[in-house]
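Listed below are the residues making up each chain.
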Amino acid sequence: STLTTLYLVENSIGDDGAAAIAKALESNSTLITLKLDGNSIGNDGAAAIAEALESNSQSTLTTLYLVENSIGDDGAAAIAKALESN
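First things first, this report covers the structure right here in the doc. (Residues numbered from 1 in each chain as written. Predicted model: local features only at pLDDT ≥ 70, side-chain atom pairs only at ≥ 80, totals over all residues. Heavy atoms only, no water.)

1. Here's the deal with the sheet that holds strand β1 (residues 5-7)
Read across the open sheet, the three strands follow the order β1-β2-β3; overall the sheet is parallel. In this open sheet, the two edge strands, each paired with only one partner strand, are β1 and β3 (63-65). Taking each pair of neighbouring strands and ignoring which way they run, the sheet shows an average axis angle of 0°. Where β1 and strand β2 (residues 33-35) come together, three bridges link them in parallel fashion. Residue leucine 6 lies in a different strand from β2, and its bridge partner there is leucine 34. (Pairing = 2+ DSSP bridges. Helix = DSSP H or I, 4+ residues; strand = E, 2+ residues; numbered from the N terminus. Axes fitted to C-alpha atoms, helices over the stretch in contact; angles between N-to-C directions.)

Structure follows, in structure tokens:
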């Protein structure tokens, strides 16, 4: 089977967990929806996710939820830039 949806809501993964997920996103070509709401993700975690999305030309991710995290202007800008090419 193929993983297309991953919900990790309110698991307190923080920036380290976001970086680990980002590592997996670098080569993932099946995930469509990723929900990371309420995980204490900050700018560093957002930047890691953004870099992964930018580096993966095979990404199929169309929906990314990051509600109720600690992402500031820099993290939001990194995600926005990544979404331009994703």
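2. Brief notes about helix α1 (residues 14-25)
Counted at 1.5 Å a residue, the expected span for α1 with its twelve residues is 16 Å, and the 16 Å between its end C-alpha atoms agrees. If you check which residues of α1 are buried, you get Gly14, Gly17, Ala18, Ile21, Ala22 and Leu25. Projected down its long axis, α1 shows its buried positions confined to an angular sector of 145°, all on one face. Opposite the packed face of α1, turned more than 90 degrees from it, sit the exposed residues Asp16, Ala20 and Lys23. (Expected span 1.5 Å × (residues − 1). Buried < 20%, exposed > 50% of the residue type's maximum accessible area, 1.4 Å probe, protein only. Arc of directions from axis to C-beta.)

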